[in-house]
Amino acid sequence: MAARGRVAAFNLPPLPTVGEIIKLFRLQAQKQLSQNFLLDLRLTDKIVRQAGKLKNAHVCEVGPGPGGITRSILNADVEQLLLVEKDPRFIPGLQMLSEAAPGKVRIVHGDILTFKMEKAFPKHLKKNWEDEPPNIHIIGNLPFSVSTPLIIKWLENVSKKNGPFIYGRTQMTLTFQKEVAERLTANTGGKQRSRLSIMSQHLCTVENRFVIPGQAFVPKPEVDVAVVHFTPLVQPKIQQPFELVEKVVRSAFQFRRKHCFRGIETLFPESERLKKTEELMMAADVDPTLRPFQLSMSHFRNLCNTYRKMCEEDPSLFAYDYREELKQKKRQHLPKSTSQTEQTEEEN
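Rules behind the numbers
Residues numbered from 1 in each chain as written. Predicted model: local features only at pLDDT ≥ 70, side-chain atom pairs only at ≥ 80, totals over all residues. Heavy atoms only, no water. Helix = DSSP H or I, 4+ residues; strand = E, 2+ residues; numbered from the N terminus. Buried < 20%, exposed > 50% of the residue type's maximum accessible area, 1.4 Å probe, protein only. Pairing = 2+ DSSP bridges. Axes fitted to C-alpha atoms, helices over the stretch in contact; angles between N-to-C directions. Contact = heavy atoms within 4.5 Å. Core = buried A, V, L, I, M, F, W, Y, C linked by side-chain atoms within 4.5 Å. Right-handed = clockwise from strand over helix to strand, strands pointing away. Parallel < 35°, antiparallel > 145°, perpendicular 65-115°, else oblique. Nonpolar A, V, L, I, M, F, W, Y, C, P; charged D, E, K, R; others polar. Lys, Arg positive; Asp, Glu negative; His and termini not counted. Salt bridge = Lys/Arg side-chain N within 4 Å of Asp/Glu carboxyl O. UniProt positions renumbered as here; feature names shortened; annotations may be inferred.

### Brief notes about unusual backbone geometry
Here the bond from Val-218 into Pro-219 is cis, since omega is -10 degrees, no more than 30 degrees from zero. By the element assignment, Pro-219 lies in the loop between β8 (217-218) and β9 (225-232). One non-glycine residue, Lys-161, lies in positive phi territory at about 55 degrees. In this structure, Lys-161 sits in the loop between α5 (144-160) and β6 (171-177). The phi angle at Asp-285 is positive, at roughly 60 degrees, despite the residue not being glycine. Assignment of secondary structure puts Asp-285 in the loop between α10 (273-284) and α11 (297-313). Overall, the relative accessible area of 64% leaves Asp-285 in the exposed class.

### Details of the sheet that holds strand β5 (residues 136-140)
Spatially, the seven strands line up as an open sheet ordered β4-β3-β2-β5-β6-β9-β7, and their pairing is mixed. For this open sheet the edge positions go to β4 (105-109) and β7 (204-212), each flanked by a neighbour on one side alone. With strand direction ignored, the average angle separating the axes of adjacent strands in the sheet is 20 degrees. Here strand β2 (residues 58-62) runs beside strand β3 (residues 80-85); their pairing, made up of five bridges, is parallel. Opposite His-58, over in β3, you have Gln-80 as the bridge partner. Contacting β6, β7 and β9, helix α2 (residues 41-49) runs over the sheet at an angle of about 165 degrees to β7. Running at roughly 150 degrees to β6, α5 makes contact with β2, β5, β6, β7 and β9 of the sheet.

### Topic: the nonpolar core
Nonpolar side chains tend to gather and get buried jointly when the protein is soluble and globular. In this structure, Trp-154, Leu-174, Phe-176, Phe-230, Phe-300, Leu-303 and Tyr-307 are the most contacted members of the largest nonpolar core, which totals 65 residues. Ignoring anything within four residues of it in the chain, the contact list for Phe-300 reads Ile-198, Ile-238, Val-249, Ala-252, Phe-253, Pro-292 and Leu-295. Counting 30 residues, the second largest nonpolar core, distinct from the first, contains Leu-43, Ile-73, Val-105 and Phe-217.

### Some thoughts on the pairing of β6
With six of seven residues buried, β6 lies mostly within the body of the structure. Bridge count for β5 against β6 is four bridges, and the pairing is parallel. Across the sheet, Ile-139 pairs through a bridge with Thr-173, a residue of β6. Since β5 and β6 lie parallel, the crossover through α5 that links them has a hand, and here it is right-handed. Sheet analysis places β6 next to β9, joined by six bridges and oriented antiparallel.

### Observations concerning the packing of α5 against helix α8 (residues 242-252)
Across the interface, α5 lies against α8 with an axial gap of 10 Å and an inter-helix angle of 135 degrees. The angle between α5 and α8 falls in the class oblique. Note on element contacts: α8 touches α5 through Phe-242, Glu-243 and Glu-246, opposite Ile-152, Leu-155, Glu-156, Ser-159 and Lys-160. Of the residues belonging to the contact of α5 with α8, the class tally is three nonpolar, one polar and four charged.

### Regarding the side chain of Lys-247
Within the fold, Lys-247 resides in helix α8. Here Lys-247 is buried and forms no salt bridge, its nearest opposite-charge partner Asp-321 lying at an N-O distance of 7.3 Å. Once residues within four sequence positions are removed from consideration, Lys-247 is found in contact with Leu-267, Tyr-307, Leu-317, Phe-318, Ala-319 and Tyr-320.

### Re the pattern of salt bridges
Tallied over the full model, the rule gives 15 salt bridges. Arg-209 is the partner of Glu-207 in a salt bridge, and the nearest nitrogen-oxygen pair spans 3.0 Å. Look at Glu-207 and you get partly exposed, because its relative accessible area is 33%. On the accessibility criterion, Arg-209 (31% relative accessible area) is partly exposed.

### Side note on the UniProt feature "binding site: S-adenosyl-L-methionine" (unreviewed entry) in the protein
Following the UniProt record, the feature "binding site: S-adenosyl-L-methionine" (unreviewed entry) maps to Asn-36, Leu-38, Gly-63, Glu-85, Asp-111 and Asn-141 here. Residue placement: Asn-36 occurs in the loop between α1 (18-24) and β1 (37-38). When neighbours within four sequence positions are excluded, Asn-36 is seen to be in contact with Asn-141, Phe-144, Phe-217, Val-218, Pro-219, Lys-220 and Pro-221. Excluding anything up to four places from it in sequence, Glu-85 contacts Gly-63, Pro-64, Gly-65, Phe-90, Ile-91, Leu-94, Val-108, His-109 and Gly-110.

What follows is the structure, given as structure tokens:
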């Protein structure tokens, strides 16, 4: 019995195991949706612990599936849990969990990529951006097929302080393929340094917390999985619009094995490419013979700041699209130079 005046911690009542739920509702992971179930509640508890203290917190779980992580979140004594699930086969099992935790669970059958997170939580939870993060968390074992586009979307939301970040610096605890997690957290010079490294680290503190071996999942994926924690920074390391930063970073990594000027020059039309590239590299004080993965955050900051000034001087510059220029040349059947026929090595 709880001590007088103290509210007892919430615990779920006895329920069928996650494995039994899968059998009961005849659930099978769909390969085309890159679904993998995590049945070991010790591991789901460990994932949830990476989010920090969740007592009385408001949590959104992305893609709860059969509800393994969902149980661990509820047992952490959260105030409210929002479940966003795209696959209708999982809804009945999630409703069973909702009934076991009266008043705590709200289930949305929808796609997290289009779900309006601005209205997901009560307004009174909002905090100023400079304050400590709000008592709001996003947690999810993300399908591999959606993890990269989703984190890019949320990073854009961080930059613009909208979506789930309209409430402040909302923290995220998410799973990724181990290789993607290594890209997200790679340091300057690391072999996994990539567009994702810069886009995430200039906006957030990004931590690779631990790795889950593939055999822990059903069905077993061909790769291991890592749990990554994101906390938005009060001030981004590159204080330029998201679209501009992404364009510069994407261009830089177009040819990741070549000198960085090869990618940077794709920011400019062919007619003035050499001149403008030299101007940008010199003004930004970046060695053009460095490889893209050798560029530091300060290098990218200088490149973005200088490119912004160049765009202000020539407003048509930002609208220029290197790939569109290539397409037009192909349509016109013009002779192709070496630089136009090279395949880009930009990551997907």
